[in-house]
Amino acid sequence: MRTQRPDVEDARNLFVLLRNAHVLLERQLGEVVARIILADATTHHEGGGATRRAVGGLEAWDRSRRTAGPLVGDAGRWDGDGEGGDGGARVVNLTVVDVHLLRRLAVRPSSTALLAEYLLCTHPTVSRRMAVLEGSGLIERSPSYRDSRMNTLTLSDTGREVVQMIERAMDGLLDVIGDDVPSEHWRALLQDLDTLSG
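Please read these numbers as outputs of a predicted model, since none were measured by experiment.

What counts and how
Residues numbered from 1 in each chain as written. Predicted model: local features only at pLDDT ≥ 70, side-chain atom pairs only at ≥ 80, totals over all residues. Heavy atoms only, no water. Core = buried A, V, L, I, M, F, W, Y, C linked by side-chain atoms within 4.5 Å. Buried < 20%, exposed > 50% of the residue type's maximum accessible area, 1.4 Å probe, protein only. Helix = DSSP H or I, 4+ residues; strand = E, 2+ residues; numbered from the N terminus. Contact = heavy atoms within 4.5 Å. Polar contact = N/O pair within 3.5 Å; in protein donor to acceptor, adjacent residues only side chain to side chain. Salt bridge = Lys/Arg side-chain N within 4 Å of Asp/Glu carboxyl O. pLDDT = per-residue confidence, 0-100. Expected span 1.5 Å × (residues − 1). Axes fitted to C-alpha atoms, helices over the stretch in contact; angles between N-to-C directions. Parallel < 35°, antiparallel > 145°, perpendicular 65-115°, else oblique. Nonpolar A, V, L, I, M, F, W, Y, C, P; charged D, E, K, R; others polar. Patch = residues over 30% accessible without salt bridge, like charges linked within 9 Å, V, L, I, M, F, W, Y side chains within 5 Å. Areas by Shrake-Rupley, 256 points an atom, 1.4 Å probe, with all protein chains shown as cover. Left-handed = near helix turned anticlockwise from the far one by under 90°.

Some details on the nonpolar core
One recurring pattern in soluble globular proteins: nonpolar side chains tend to sit buried together. Counting 25 residues, the largest nonpolar core has Leu94, Leu102, Met130 and Ile139 as its most contacted members. Those elements that place two or more of their residues in this core are α1 (14–34), α3 (96–107), α4 (112–119), α5 (123–135), β6 (151–155) and α6 (157–177). Every residue in contact with methionine 130, bar those within four places of it in the chain, is listed here: Leu101, Leu105, Thr112, Leu115, Ile139, Arg141 and Leu153.

Structure follows, in structure tokens:
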């Protein structure tokens, strides 16, 4: 238990309270995402696809949270088809920024510039993460129909599977950390944060 906490009666502590909440939530989300493992990949030659089963994550995170501390180890690993369907394993180390980018692309195709605006990040930061996600087979890049100098970014089939697993893990994480917070408080918090960030 933390003994050094900001005084919630002092409005000037808004900044440190937001920062601390952000750091804690992003750390917990990163630990959960690091435990998402896609395993048991089976290539179906007739269909050309792969069946993947989501394994573990939230339960291991919750156990470690209550006992030994942060999880370390197989961060972001998934066993899937290697290049050319040879059955080799690929490893993807998803960052928390990647999670936000993938979830945004699940809502709508986008461009690097719009994603940078969405996350209040620099264009080069998002561009580097997009290159990693594209190389991992989670997103696809195609020329924009509006402007041939720009690219449209979309999720691949594998990217959609990963987003589904991320969202299940996030739902579980919210269930665990939100047990003591009434749902109307969550709604008010989300609305207030949207107001502050807009």
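Picking up after the structure, the text goes on.
Focus on the side chain of arginine 129
Relative to the helices and strands, arginine 129 resides in helix α5. Side chain to side chain, arginine 129 and aspartate 98 meet in a polar contact 2.7 Å long. Setting aside residues up to four positions removed in sequence, arginine 129 forms contacts with Asn93, Thr95, Val97, Asp98 and Leu101.

Description of the side chain of serine 156
Tracing the chain through its elements places serine 156 in the loop between β6 and α6. At 3.0 Å, the side chain of serine 156 and the backbone nitrogen of glycine 159 are in polar contact. The residues contacting serine 156, other than those within four sequence positions of it, are Gly137, Leu138, Ile139 and Glu140.

Considering the pattern of salt bridges
Across all of its chains, the model carries 5 salt bridges by this definition. Residue arginine 129 pairs with aspartate 98 through a salt bridge whose shortest N-O separation is 2.7 Å. Placement of the pair is arginine 129 in helix α5 and aspartate 98 in helix α3, with a sequence separation of 31 residues. The buried category is assigned to aspartate 98, whose relative accessible area is 0%. The salt bridge involving glutamate 134 is made with arginine 141; its shortest N-O contact spans 2.9 Å. Owing to a relative accessible area of 32%, glutamate 134 belongs among the partly exposed residues under this scheme.

Considerations on the confidence of the model for the chain
Summarising the model, the chain shows a mean pLDDT of 73, and 69% of its residues fall at 70 or more. Low pLDDT (under 50) marks residues 38–56, which in the prediction has 43 contacts with non-local residues, meaning those over four places away or in another chain.

Some details on α1
The end-to-end C-alpha separation of α1 is 30 Å, in line with the 30 Å expected for 21 residues at 1.5 Å each. Taken residue by residue, α1 has Gln28, Leu29, Glu31, Val32, Val33 and Ala34 as its buried positions.

A closer look at the packing of α3 against α5
Following both chains from N to C, one finds α3 and α5 inclined at 75°, their axes separated by 11 Å at the closest point. One element, α3, and the other, α5, form an angle in the roughly perpendicular class. Counted together, Val97, Asp98, Leu101, Leu102 and Leu105 of α3 and Val126, Arg129, Met130 and Leu133 of α5 form the full contact between these two elements. Taken together, the residues that form the contact of α3 with α5 break down as 7 nonpolar, no polar and 2 charged.

With respect to a nonpolar patch on the surface
Side chains of Leu14, Phe15, Leu18, Leu189, Leu193 and Leu196 sit close together on the surface and give an oily, nonpolar patch of about 540 Å² of accessible area. Sorting the residues of the nonpolar patch by element identifies α1 and α7 (183–197) as the ones contributing at least two each. Tracing the sequence through the fold places leucine 14 in helix α1. Judged by relative accessible area, which is 34%, leucine 14 ranks as partly exposed.

Observations regarding unusual backbone geometry
Even without being a glycine, leucine 120 presents a positive backbone phi close to 55°. The topology assignment puts leucine 120 in the loop between α4 and α5. The class of leucine 120 is exposed, set by a relative accessible area of 73%.

Description of the packing of α3 against α4
Where α3 meets α4, the axes come as close as 11 Å, and the angle between the chain directions of the two elements is 120°. In terms of their interaxial angle, α3 and α4 are classed as oblique. Crossing of α3 over α4 shows right-handed handedness. On α4, the residues touching Val97, His100, Leu101, Arg104 and Leu105 of α3 are Leu115, Tyr118 and Leu119. Of the residues belonging to the contact of α3 with α4, the class tally is 6 nonpolar, 1 polar and 1 charged.

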